[in-house]
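Fold and contact review
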Amino acid sequence: MKESLYIFRDGQLRRKDHTLLFETADGKRYVPVEHVREIFLFGEVDVTKKMLEFCSQKEIPVHIYSHYGYYMGTFYPREHHVSGYVLLKQAEHYLDPSRRLALARRFVEGALDNMLNVLRYYKNRGKAVEPMQEAIESHRREVETAGSIEALMAAEGHARQAYYQAFDAILEDEAFRFGMRSRRPPRNRLNALISFGNSLLYSAVLREIYHTQLDPRIGFLHAANFRRFSLNLDVAEVFKPLLVDRVIFRVLGRRQIQADDFLHELGGLVLRERAQRVFVEEFEKGMRTTLQHRRLKRKVSYRQLIRLELYKIQKHLLGDEPYTPFVSRW
Amino acid sequence: MYVILVYDVDVKRVAKVLKIARRYLTWVQNSVLEGELTPSQYFQLKNELRRVANLNEDSFIFYVMRTSRYSEREIMGVQKGGWETIL
């Protein structure tokens, strides 16, 4: 069983005795390398070149976050699972407007359906989210008929706006009002949480892509541009409501993260380290949660589910079976 | 599966054994390591140990649990090592 390693403390991470050694002011800590799936660096960690070489050999991506908890980038090791054929198919689908649109539409539909499921759950618990549900449903119909990526993005954007408005009705907490979506930097607490959670999910999906033959640079909903990974953003859309937003409701509902867990920095708000740790812990718990998979007839974790989603996309690209996004069933 | 490894080997080989075991399991005390492994990782670990050990002199005990759900872990005295994924 592989685990994700999150490092918040300051120290040095290097290769020692064919495994990883994390050394801090108060001691050494060996990390069983055969156990490591990916590494998130939040603290001020010095790494050595040998350690990065080792991570490449062991196929471990290293995600780096800034002092303020912003995603800075990933050391994406040399690819071990490459397939010229899959790459060509992926590029072919991107370059053909109708095929690109068809796949992009699927991601948005999955995202919206999962949002609706989250809202349905809270509606059953007596929260006033009905107007938002209706708004999302009407945008859902626009998605089905959207004739261009731009129209699709617009429908998605409006649906998401309605969805985030529902957060206020669900949370009923003055300190965590949504207001409007703001990024780079997030201007209020709820936005800071959403941004932090999404960045964790983007990295986690990126790591799963690494273990498939897909190329993370070619997304379908998100345009492939010159530097960023974008396929992970597409796939993350489907899972955000389930893996990020539910964590937000959970940590706020239990008051594990409170109003004073945020600092004003860089013209916006950032989470204190304590809150980041709490969030990461709950996020990780969500990823490990298992559910019964109808087709496979066995239990799979949400993390495995992301991987299965990627296999479905690969099958779609190869023309084996059209892609249908994962939609939760509660 | 959850594995607890306890070993007693000749001093000449202690360091070698520790280095191998540390890649798969978490060190908890002198000559004791534990952790969650897949069946294949368990197999690999045993193979690697076999390569450096002298099985006429050295001894390894693996306590293998299908799940650690019904077990309890109590520490008396100093905690020397341990496994965490959020450091």
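All values derive from a computational prediction rather than experimental measurement.

Definitions and cut-offs
Residues numbered from 1 in each chain as written. Chains lettered and ligands numbered in written order. Predicted model: local features only at pLDDT ≥ 70, side-chain atom pairs only at ≥ 80, totals over all residues. Heavy atoms only, no water. Helix = DSSP H or I, 4+ residues; strand = E, 2+ residues; numbered from the N terminus. Rg over C-alpha atoms; globule rule 2.2 N^0.38 Å. Buried < 20%, exposed > 50% of the residue type's maximum accessible area, 1.4 Å probe, protein only. Areas by Shrake-Rupley, 256 points an atom, 1.4 Å probe, with all protein chains shown as cover. Lys, Arg positive; Asp, Glu negative; His and termini not counted. Charge placed at Lys NZ, Arg CZ, Asp CG, Glu CD. UniProt positions renumbered as here; feature names shortened; annotations may be inferred. Contact = heavy atoms within 4.5 Å. Pairing = 2+ DSSP bridges. Axes fitted to C-alpha atoms, helices over the stretch in contact; angles between N-to-C directions. Buried area = accessible area lost by both parts, 1.4 Å probe. Salt bridge = Lys/Arg side-chain N within 4 Å of Asp/Glu carboxyl O. Polar contact = N/O pair within 3.5 Å; in protein donor to acceptor, adjacent residues only side chain to side chain.

Things to note about the overall build of chain B
Along its length, chain B carries two helices and four strands. For 87 residues, the compact-globule estimate of 2.2 N^0.38 gives 12 Å, and chain B sits close to it at 13 Å. Counting only C-alpha atoms, chain B reaches 35 × 30 × 25 Å along its principal axes. Out of the 87 residues in chain B, the part that is buried amounts to 39%. Carbon and sulfur atoms provide 49% of the accessible area of chain B, an area that totals close to 5600 Å². Taken together, the 13 basic and 10 acidic charged side chains of chain B have centroids lying 7 Å from each other.

What to know about the UniProt feature "binding site: Mn(2+)" (unreviewed entry) in chain A
Residues and elements named next belong to chain A. UniProt marks E156, H222 and E237 with the feature "binding site: Mn(2+)" (unreviewed entry), using the numbering shown here. Spatial clustering of the annotated residues is evident: they stretch over 82 residues in sequence, but the largest pairwise C-alpha distance comes to 11.9 Å. With respect to the element layout, E156 can be found in helix α5 (residues 149-171). Apart from residues no more than four positions distant in its own chain, E156 is found in contact with V108 and E237. By the element assignment, E237 lies in helix α7 (residues 231-253). For E237, a relative accessible area of 5% puts it in the buried group.

Things to note about the sheet that holds strand β5 (residues 36-41) of chain A
Residues and elements named next belong to chain A. Here we have four strands laid out as an open sheet, ordered β1-β5-β7-β8, and mixed in their pairing. Two strands in the sheet have a free side with no partner beyond their single neighbour: β1 (3-7) and β8 (71-75). On average, adjacent strands in this sheet sit at an angle of 20 degrees to one another, irrespective of strand direction. Where strand β7 (residues 62-65) lies against β8, four bridges are found, and the strand directions are antiparallel.

Considering the interface of chain B and chain A
On the side of chain A, 25 residues touch chain B, which itself brings 16 residues to the contact. Around 1900 Å² of area is buried between chain B and chain A when both sides are counted, 58% of it from carbon and sulfur atoms. The largest contributions to the chain B side of the interface with chain A come from B:R23, B:I86 and B:L87, which together make up 41% of the buried area. Taken together, chain B and chain A are joined by three salt bridges. Ionic pairing is found between B:K19 and A:D17, a salt bridge with its closest N-O pair at 3.6 Å. Our enumeration of links across chain B and chain A arrives at seven residue pairs in polar contact (both at pLDDT 80 or more).

Some remarks on the pairing of strand β4 (residues 27-31) of chain A
Residues and elements named next belong to chain A. Across five bridges, strand β3 (residues 19-24) lies against β4 in antiparallel orientation. Residue pairing across strands places L21 opposite Y30, the latter belonging to β4. In this antiparallel pair of consecutive strands, β3 and β4, the connection spans two residues.

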